[in-house]
Number of protein chains: 2
Amino acid sequence: MARKYIDNPNACSLVHTMNIIGNKWKPIILYLLSNGSMRFGMLNTLIPTISKKVLTNQLKELESDGLLLRQSFAEIPPRVEYSLTEKAIGLLPVLRQLSDWANEAYPEMEFEQCRIIENGKKPAYNNVYKK
Amino acid sequence: MARKYIDNPNACSLVHTMNIIGNKWKPIILYLLSNGSMRFGMLNTLIPTISKKVLTNQLKELESDGLLLRQSFAEIPPRVEYSLTEKAIGLLPVLRQLSDWANEAYPEMEFEQCRIIENGKKPAYNNVYKK
DNA sequence: GCCATTAGTTACTTTTTGGTTACCACTATT
DNA sequence: AATAGTGGTAACCAAAAAGTAACTAATGGC
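Scope of this entry: the structure provided in the associated data block. (Residues numbered from 1 in each chain as written. Chains lettered and ligands numbered in written order. Predicted model: local features only at pLDDT ≥ 70, side-chain atom pairs only at ≥ 80, totals over all residues. Heavy atoms only, no water.)

### Some details on the overall build of chain A
Each helix and strand in chain A was counted, giving 6 helices and 3 strands. Secondary structure elements in chain A, listed N-terminal to C-terminal, are α-α-β-α-α-β-β-α-α. (Helix = DSSP H or I, 4+ residues; strand = E, 2+ residues; numbered from the N terminus.)

### Comments concerning the sheet that holds strand β3 (residues 79–84) of chain A
Residue and element names in this part refer to chain A. Strand order in the open sheet formed by 3 strands is β1-β3-β2, and the pairing between neighbours is antiparallel. For this open sheet the edge positions go to β1 (38–39) and β2 (68–73), each flanked by a neighbour on one side alone. Where β2 and β3 come together, 6 bridges link them in antiparallel fashion. By the bridge assignment for β3, Arg70 is matched with Tyr82. (Pairing = 2+ DSSP bridges.)

### A closer look at the sheet that holds strand β2 (residues 68–73) of chain B
Within the open sheet, the 3 strands sit side by side as β1-β3-β2 (chain B). Their pairing is antiparallel. The open sheet is flanked by β1 (38–39) and β2 of chain B, the only strands paired with a single partner.

### A look at the pattern of salt bridges
In the structure shown here, the tally under the stated rule is 8 salt bridges over all chains. The partner of Glu81 of chain A in a salt bridge is Arg79 of chain A, with the nearest N and O atoms 3.3 Å apart. Glu81 of chain A gets classed as buried once you look at its relative accessible area, which sits at 13%. Among the ionic pairs, Asp100 of chain B bridges to Arg96 of chain B, the shortest N-O distance being 3.5 Å. With Asp100 of chain B and Arg96 of chain B both in helix α5 (residues 86–105), this residue pair falls 4 residues apart, about one helical turn. Residue class for Asp100 of chain B comes out partly exposed when judged on its relative accessible area of 29%. (Salt bridge = Lys/Arg side-chain N within 4 Å of Asp/Glu carboxyl O. Buried < 20%, exposed > 50% of the residue type's maximum accessible area, 1.4 Å probe, protein only.)

Shown next as structure tokens:
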């Protein structure tokens, strides 16, 4: 289960960034967590097309790269909260710009409004992904 | 050979961006082209760990997403030049910020200086990836 | 006539990623 | 006594991405 990274012989920081967030689910996970912590099950509900196995795996990788904090509460049934670290918070504005870029570059696509860190308002989760 | 996109039921522009550049090679390709056009063979030389098949495929996808312009010259042997479109040029500052983010978030890694669109100087290609 | 050159393509194999189902621990509720 | 609820894990399988090697077209140089 070793993680596969792109060869990065010259230590290019862009390659490193893409190693960390350049895949199918991670930006979405960070985006959903951008307004506060969330439980595993909630993430799974908001991203219904991801399997539990893969979600677990992505969360682990994000945690090991220092982007997520995982807090496990000793309760029954279990409760685990995921939240962004400072590192991840520093990435949010860039994710926002990636979003903005798509809006400008592909105006014909009429995207939804991106809700990342917008005036501290919570995103309308129920409209983002429906079960 | 149909392209697989992430499900994007709510037309999130971040998901769209990741569909377009969120993979192993595309940011590197854009980065290498950020100082001007380049031939297929040169790209392949500068990214020696990519196979010709995959490079061809990535270039096609970037072209079909409107990020690259492909100019084929009727010469023997063939000559094909790839260059960035306006869309792609608009993305460069964001790529630069992704780079900068890694530098700040992982200071222990001592990355190389990112050379994207830096004062119009050409990147020192030979130091980026060696054959 | 033979070889080198370039930008691919094709067929085939391997690696990587993602999905499915069943299962677990522990308690509260019915 | 059975079931629901949560956050997983394990075994197994399917799909996607990537790698490899051989091949091509058309021309110039030897």
